[in-house]
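Read off the chains here:
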Amino acid sequence: MDKIVKDNRAPVSQKPLVMAKVDKDSIGATVGIEINGNPYKVMLGTTILEACRENNIHVPSLCYHEDLCLAGVCRVCVVEVEGMGTLQAACTFPIINKIKVHTTSEKVRKARRHVLDLMLSEHYGECYSCHRNGNCELQKLAKEYGVDSYRFGHVEKRRYQVDRSSYSVVRDMDKCILCKRCVRTCIDLQEVGVLEAINRGDKTKVTTFMDKPLAEVICINCGQCINRCPTAALKANDPSDEIWNVIDDPSKHVVIQTAPSPRAAIGEEFGLPAGTSMTYQMNTALKMIGFDKVFDTDFTADLTIMEEGTELLMRLKKKLVDGDKNVMLPQLTSCSPGWIKYIEHFYPEYLDYLSTCKSPQQMFGSVIKTFYAQEHEIDPANIVTVAVMPCSAKKFECNRPEMDSSGFKDVDYGLTTRELAQMIREAGLYLPDLPAGNFDDPFGDASGAGLIFGATGGVMEAALRTAYELVTGRTVPFENLDILPCRGFNGVKQASVKLENVKPEWSFLEGVDLNFMIAHGTANAKKVMEALVKGELSNIHFIEVMACPGGCLGGGGQPIPTSPEIRKKRAEAIYQEDAGLPVRKSHENPHIAYIYEKFLKDGPCGHLSHKLLHTHYVKRGKFIG
Amino acid sequence: MIKNKSILFNKDNLGDCLASAFAKNPQDIIMEIRESNLKGRGGAGFPTGTKWMLAAASLSNKKYVVCNADEGEPGTFKDRVLLAEFPDLVFEGMVLAGYAIGAQKGFIYLRGEYSYLLKQLNEQLEKMVNSNRLGKNILGKGFDFEIEIRLGAGAYVCGEETALIESLEGHRGEARNRPPYPVNTGFMGNPTIVNNVETFVTAAIIMARGGEWFTKLGTGKSKGNKLISVSGDCDDPGVYEVPFGITINELLKMVKAKNAKAVQVGGASGYCACSNEFERQISFEDLSTGGSIIIFNQSRDMLHILRNFMEFFVEESCGQCTPCRIGNVKLLEGVEKIEQGDCSLSYLKELIELGKTMKIASKCGLGQSSPNPFISIMTNFEQEIFSQR
Ligand SMILES: Cc1cc2nc3c(=O)[nH]c(=O)nc-3n(C[C@H](O)[C@H](O)[C@H](O)COP(=O)(O)O)c2cc1C
Ligand code: SF4
Ligand code: SF4
Ligand code: SF4
Ligand code: SF4
Ligand code: FES
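In this text the structure is predicted, and so the values were computed from the model without any measurement.

Cut-off values and rules
- Residues numbered from 1 in each chain as written.
- Chains lettered and ligands numbered in written order.
- Predicted model: local features only at pLDDT ≥ 70, side-chain atom pairs only at ≥ 80, totals over all residues.
- Heavy atoms only, no water.
- Helix = DSSP H or I, 4+ residues; strand = E, 2+ residues; numbered from the N terminus.
- Buried < 20%, exposed > 50% of the residue type's maximum accessible area, 1.4 Å probe, protein only.
- Contact = heavy atoms within 4.5 Å.
- Areas by Shrake-Rupley, 256 points an atom, 1.4 Å probe, with all protein chains shown as cover.
- Lys, Arg positive; Asp, Glu negative; His and termini not counted.
- Charge placed at Lys NZ, Arg CZ, Asp CG, Glu CD.
- Buried area = accessible area lost by both parts, 1.4 Å probe.
- Salt bridge = Lys/Arg side-chain N within 4 Å of Asp/Glu carboxyl O.
- Polar contact = N/O pair within 3.5 Å; in protein donor to acceptor, adjacent residues only side chain to side chain.
- Near = heavy atom within 4 Å.
- Nonpolar A, V, L, I, M, F, W, Y, C, P; charged D, E, K, R; others polar.
- Expected span 1.5 Å × (residues − 1).
- Arc of directions from axis to C-beta.
- Pairing = 2+ DSSP bridges.
- Disulfide = S-S within 2.5 Å.
- pLDDT = per-residue confidence, 0-100.
- Domains from an automatic or database assignment.
- Phe/Tyr/Trp six-rings, centres within 6.5 Å; stacked < 30°, edge-to-face > 60°.

Asks: Which residues make up the overall build of chain B, and what values go with them?
Replies: Across its full length, chain B carries 16 helices and nine strands. Over its C-alpha atoms, taken along the principal directions, chain B stretches across nearly 70 × 40 × 35 Å. The 389 residues of chain B split such that 62% are buried. By sequence separation, contacts in chain B at least 24 residues apart represent 72% of the contacts at least 6 residues apart. Approximately 14300 Å² of chain B is accessible, and the part contributed by carbon and sulfur atoms is 49%. The positive charge centre, built from 43 side chains, and the negative charge centre, built from 46, are 3 Å apart in chain B.

And the structure:
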């Protein structure tokens with residue numbers, strides 16, 4: 001098990017380049033090189049691109065992405081290396097001796113321009129009718145190289161049909177430049193592998209197994225491919241037109257819930273540096289756009305902690321005290337719909353390990369259309385619930401047929417951070433300039449525990465803050481409630497907390513080490529699941545899994561671009577906001593007490609909770625469609 | 001069959017190549033090959049001794065020897081002759097290369113169309129195992145080596161050494177990024193040498209006859225003799241052994257070609273020489289070829305020939321990298337434009353410039369060489385082509 005933790009695949013720059021087995025001692029750990037006539041010292045094995053970027057020398061790139069293994073296929077990063085007959089791709093060239101590099105020589109500029117001209121000749125579409133207008137790496141390069149005409153012609157007809165089959169991801173392969181970042185994302189980063197390049201030569205295209213529509217293959221809807229696509233070839237399925245329609249319809253009561261991660265990232269869409277929190281400005285924007293109520297998903301994140309924490313303690317009791325063999329441990333978290341679809345496809349025999357809790361988004365949908373509708377005497381048939389999510393998988397999730405426990409479709413629309421930013425722009429608003437606004441009652445402000453759901457390890461940290469206190473009557477033994485072992489971006493994290501001097505009703509937990517693991521990115525989830533299948537995790541009690549690298553803050557609906565650095569900044573914003581909140585434990589959120597008192601009267605995991613807040617899963621397997 | 005009298009590919013008094021090699025230690029074998037100045041016979045002409053030395057110097061307990069018998073270049077069929085007539089020397093060349101670099105295993109990547117040779121090749125392997133020239137403790141030298149034959153899947157690009165390795169590993173045949181090079185990070189990440197069939201046979205012969213003898217053949221920078229496959233408009237097509245330095249005129253005479261207008265040296269990806277270049281030499285320093293020579297006489301339409309070449313590349317590009325995937329299409333479209341009389345000279349110039357970019361910016365040798373026929377034919381036959389439309 002230590003091995004999984006050690007071997008984990010943190011989604012940082014991976015280098016499958018098995019480096020030249022050079023004798024480091026004879027050359028030294030650093031190499032002196034020359035770039036454009038100036039001397040630099042770089043680490044042995046650094047690529048030319050890395051060396052240039054470390055030293056603020058601009059080299060354009062397209063197929064390169066910090067999160068992914070190297071491809072070297074677009075060829076826009078070519079540079080001249082003295083003594084070599086051909087130009088070299090800076091992104092893949094490891095520096096192992098004293099080379100002299102030129103990044104802007106005539107040959108280089110000409111070649112890059114040619115490469116761009118070639119890409120544009122096959123690129124269907126016009127920037128002004130394109131959702132990546134202004135945030136497109138191809139467009140940016142065209143500007144950088146002063147492209148003012150189509151030197152080698154321009155396609156005038158579509159070659160491919162747009163694939164709109166998926167609730168989450170739309171594929172328009174006419175805008176694809178075959179950088180294969182999506183392919184590498186899906187297979188390397190996520191280990192799902194539904195995308196592949198087929199055919200040869202100019203017939204090459206990125207497609208799915210047997211060219212099937214995306215909805216009919218084992219895509220988990222994580223949207224990580226979208227976040228890494230340099231162009232508009234991949235995008236999320238955008239419901240904003242329909243949302244505008246219901247906002248404009250006076251008979252509809254339109255409420256919106258906002259997840260913790262969008263607020264930590266949406267500023268990027270308005271040019272702010274990553275990690276600028278926009279929570280309260282966003283509330284104002286949503287009101288100005290015309291949403292009738294703005295709620296905080298952190299509230300149902302707190303509710304999730306109550307339900308899921310209770311579920312875990314009940315499982316522990318059944319297993320440890322009653323010896324019930326039908327109870328599965330470790331309990332796996334269930335708030336990431338990408339992860340849910342992953343386990344349904346890849347480990348369909350292990351669904352009983354999953355918590356039965358719905359995700360916070362879906363909990364909120366059913367609470368709004370029941371509790372809230374009753375309290376405010378609104379006909380739930382006229383309520384439209386929208387969820388602002390960092391996530392593309394949430395779009396699929398809200399359309400799952402079983403998500404109707406309120407008697408209606410619990411969540412009508414899942415809206416990504418990017419799409420909300422677009423709506424805000426369309427409403428003529430500049431988010432950073434807006435005054436602060438509050439969340440609406442009856443759910444009001446949530447706890448910091450709900451907020452940190454946005455980062456990998458956040459669910460675990462929130463659960464521990466509550467469960468530990470429930471069992472021992474004391475706060476978790478970590479300074480300022482910051483459970484640091486849960487934080488950071490290691491692919492798989494593992495830690496434990498000892499339960500001592502427990503309350504009498506939990507005496508069976510006296511002296512027990514509560515062991516937990518955290519995985520983010522399905523490639524890491526796979527490692528954990530493989531260990532679970534082999535029976536290596538029998539001493540683990542609770543595992544948090546998020547489908548996206550970094551957790552929700554790195555979700556498939558978040559602003560583009562993404563990188564380890566950007567995700568780190570977003571996490572910092574989230575933890576900072578948590579530290580400053582008056583309530584930081586889910587069970588201390590007064591609105592949570594209120595809902596259990598007024599509505600979910602038989603308590604966490606009670607009868608009504610089960611009906612409204614819990615769900616079941618589908619054994620999908622790998623062969624569908 | 002080799003049509004003319006062979007000096008190099010000649011077994012008279014040859015002796016035992018493998019035994020001669022095993023009489024030396026591995027470093028001395030590499031030294032001998034380096035001193036012979038043997039350059040790869042597959043087309044790129046990389047010094048074989050250097051390649052082996054780099055592989056020998058790579059630290060790894062697993063290394064591989066790969067014989068490139070993909071022979072996909074249009075107009076080449078000399079490796080087929082070697083495989084049919086000198087299979088013993090092909091394998092011995094591989095064994096001694098394995099001994100020299102410290103490899104335990106060899107692969108022959110055999111062109112799919114040559115599968116009819118499989119039976120014969122396997123028999124040869126068996127014979128070698130039975131006579132202790134393959135397998136465990138070869139010739140009592142404590143060296144183990146095995147050879148496995150793998151059939152290629154028919155893609156031209158799989159002849160490119162890194163795409164070949166990808167294909168051997170069971171992946172889609174696509175060229176890898178270099179560096180690192182196969183001598184360092186090849187099959188399954190281990191040091192690997194990939195050499196042409198003819199290179200291995202020549203290496204084996206050098207072992208028996210000595211590097212010095214070899215350097216007496218050929219020119220200053222192109223030592224030895226070379227097999228060429230001649231096809232096209234001549235009375236006597238086939239495989240010939242020629243000394244490096246032979247001129248095109250001499251060659252045309254040898255194969256009884258009349259009225260030759262153009263000679264394509266080096267296959268589809270090679271250079272198309274026009275008649276006032278026929279005094280040029282076949283050699284690494286002038287016109288180099290992996291073996292293919294195609295002759296066109298006065299009746300041929302050069303644009304049509306070019307079209308065939310470009311169609312081939314559009315079809316065979318693996319599609320990974322931009323310059324080759326789209327560039328070849330643009331060059332082919334250029335040919336079509338000229339056919340329709342609708343290509344300006346300035347656009348033609350633009351395309352030639354594009355070709356030059358493809359040569360330096362493509363990821364592998366395919367895209368780096370596919371513009372050669374376009375550039376050479378358009379330069380050498382521009383007037384003829386345009387005057388006909
Ligand atoms: C597109 C392409 C196709 C090639 N096909 C062959 C081939 O069929 N046979 C071959 O020996 N080399 C072929 N090569 C050259 C190999 O990449 C490699 O250089 C050669 O096998 C090295 O052997 P040598 O040094 O003995 O020549 C090809 C190269 C390219 C770029
Ligand atoms: S993908 Fe980029 S280049 Fe293409 S139309 Fe959209 S904005 Fe323009
Ligand atoms: S959404 Fe996720 S699973 Fe689906 S294709 Fe993209 S990366 Fe793969
Ligand atoms: S869909 Fe996007 S990420 Fe995938 S290959 Fe095309 S351009 Fe690249
Ligand atoms: S040059 Fe052509 S064959 Fe080689 S990698 Fe690029 S696309 Fe593939
Ligand atoms: S960024 Fe280097 S080849 Fe694409």
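Having seen the model, we can carry on.
Asks: Describe the interface of chain B and chain A, listing the residues and the values that go with them.
Replies: Opposite the 41 residues of chain B that make contact, chain A presents 41 residues. Overall, the association of chain B and chain A removes approximately 3200 Å² of surface from exposure, summing both partners, and the carbon and sulfur fraction of that is 54%. Taken together, the connections running from chain B to chain A amount to three salt bridges. The salt bridge partner of glutamate 353 of chain B is lysine 110 of chain A, with a shortest N-O separation of 3.2 Å. Counting the contacts that link chain B with chain A gives 15 residue pairs in polar contact (both at pLDDT 80 or more).

Asks: An account of the site of ligand 5 is requested, with residue identities and associated values reported.
Replies: Within the structure, ligand 5 sits among Val157, Ser317, Cys318, Gly319, Gln320, Cys321, Cys324, Ser362, Lys363, Cys364, Leu366 and Gly367 of chain B. Partitioning the shell around ligand 5 into residue classes produces six nonpolar, five polar and one charged.

Asks: Tell me about helix H6 (residues 118-130) of chain B, and please be specific about residues and values.
Replies: Residues and elements named next belong to chain B. Across its 13 residues, H6 extends 18 Å between first and last C-alpha, which sits within 8% of the 18 Å expected from 1.5 Å per residue. The complete set of buried residues in H6 reads Leu121, Gln124, Leu125 and Met128. Down the axis of H6, the smallest arc covering the buried residues is 100 degrees, so these residues share one side. In H6, the exposed positions that point more than 90 degrees away from the buried face belong to Lys119, Glu126, Lys127 and Asn130. Close packing links the buried residues of H6 with helix H4 (78-85), helix H5 (87-101), strand E2 (105-110) and strand E3 (146-151). Taken from the residues just after H6, asparagine 132 is the one with a positive phi, measuring 60 degrees.

Asks: Give a description of the pairing of strand E5 (residues 225-232) of chain B that names residues and reports values.
Replies: Note on strand geometry: in a regular strand, side chains alternate between the two faces of the sheet. Residue and element names in this part refer to chain B. Burial analysis of E5 places seven of its eight residues in the buried class, the great majority of the element. Where E5 folds back onto strand E6 (residues 238-243) in an antiparallel hairpin, the turn is made up of five residues. Note: E5 against strand E9 (residues 292-297), four bridges, orientation parallel. Directly across from serine 231, in E9, lies its bridge partner isoleucine 294.

Asks: Tell me about the state of the cysteines, and please be specific about residues and values.
Replies: Residues and elements named next belong to chain A. The full count for this structure, using the stated rule, is zero disulfides over all chains. A disulfide-free cysteine, cysteine 335 has its sulfur positioned 7.0 Å from the sulfur of cysteine 552, the nearest such atom. Judged by relative accessible area, which is 6%, cysteine 335 ranks as buried.

Asks: Explain the confidence of the model for chain B to me, and be specific about the residues and the numbers.
Replies: Chain-level statistics for chain B give a pLDDT mean of 96 and a share of 100% at 70 or above. Interface confidence for the predicted complex, given as ipTM, is 0.95, next to a pTM of 0.94.

Asks: How would you sum up the domain arrangement of chain A? Please name residues and give values.
Replies: Residues and elements named next belong to chain A. Split into domains, chain A comes out as domain 1 (2-104), domain 2 (115-236), domain 3 (240-293 + 380-433) and domain 4 (299-361 + 448-613). The distance between the C-alpha centroids of domain 2 and domain 3 comes to 26 Å. Listed per partner, the contact involves nine residues of domain 2 and eight residues of domain 3. Among the residues of domain 2 in contact with domain 3, Tyr167, Asn221 and Ala236 are the three that bury the most area, contributing 65% of the side total. At the junction of domain 2 with domain 3, the criterion picks out zero salt bridges. The interface formed by domain 2 and domain 3 holds six residue pairs in polar contact (both at pLDDT 80 or more) in total. Looking at side-chain class alone, the side of domain 2 that touches domain 3 contains five nonpolar, four polar and no charged residues.

Asks: An account of H5 of chain B is requested, with residue identities and associated values reported.
Replies: Residue and element names in this part refer to chain B. Compared with an ideal rise of 1.5 Å per residue, which puts 15 residues at 21 Å, H5 spans 21 Å between its outermost C-alpha atoms and is within 8% of the ideal. Within H5, 15 of the 15 residues are buried, which leaves the element mostly enclosed by the surrounding structure. Just downstream of H5 lies glycine 102, where phi reads positive at about 85 degrees.

Asks: So what about the pairing of E9 of chain B? Which residues, and what values?
Replies: Residue and element names in this part refer to chain B. A large share of E9 lies buried, amounting to six of its six residues. Judged by which residues are buried, E9 turns out to be covered on both faces: Ser292, Ile294 and Phe296 on one side and Ile293, Ile295 and Asn297 on the other are all buried. Inspection of the sheet shows strand E7 (residues 260-265) paired to E9 by five bridges, in the antiparallel sense. Bridging across to E9, glutamine 264 finds its partner in isoleucine 294.

Asks: Talk me through the domain arrangement of chain B; I want residue IDs and the actual numbers.
Replies: All names here are of chain B. Domain annotation for chain B reports domain 1 (17-215), domain 2 (225-297) and domain 3 (303-387). Between the C-alpha centres of domain 1 and domain 2 there is a distance of 27 Å. Tallying the contact residues gives 17 residues for domain 1 and 20 residues for domain 2. Summing the contributions of domain 1 and of domain 2, the shared interface buries around 1200 Å²; its carbon and sulfur component is 61%. In terms of surface lost to domain 2, no three residues of domain 1 exceed Arg41, Phe77 and Lys78, which account for 35% of the buried area on that side. The salt bridge partner of lysine 226 is glutamate 198, with a shortest N-O separation of 2.7 Å. Here domain 1 and domain 2 share nine residue pairs in polar contact (both at pLDDT 80 or more) between them. Of all the elements, H4 adds the most residues to the side of domain 1 that touches domain 2, at three residues. Class assignment of the residues belonging to the side of domain 1 that touches domain 2 gives a composition of six nonpolar, six polar and five charged.

Asks: Let's hear about the packing of aromatic side chains: which residues, and what values?
Replies: Aromatic rings in a pair are described by how distant their centres are and how their planes are angled relative to each other. Residues and elements named next belong to chain A. A full pass over the atoms with the stated rule returns 32 aromatic pairs over all chains. With a centroid separation of 4.7 Å and 40 degrees between ring planes, the pair formed by phenylalanine 299 and phenylalanine 443 is classed as tilted. Here the residue phenylalanine 299 occupies a position in helix H11 (residues 297-320), and phenylalanine 443 occupies one in the loop between helix H15 (417-426) and helix H16 (448-451), the gap between them amounting to 144 residues. Judged by relative accessible area, phenylalanine 299 falls into the buried class, the value being 0%.

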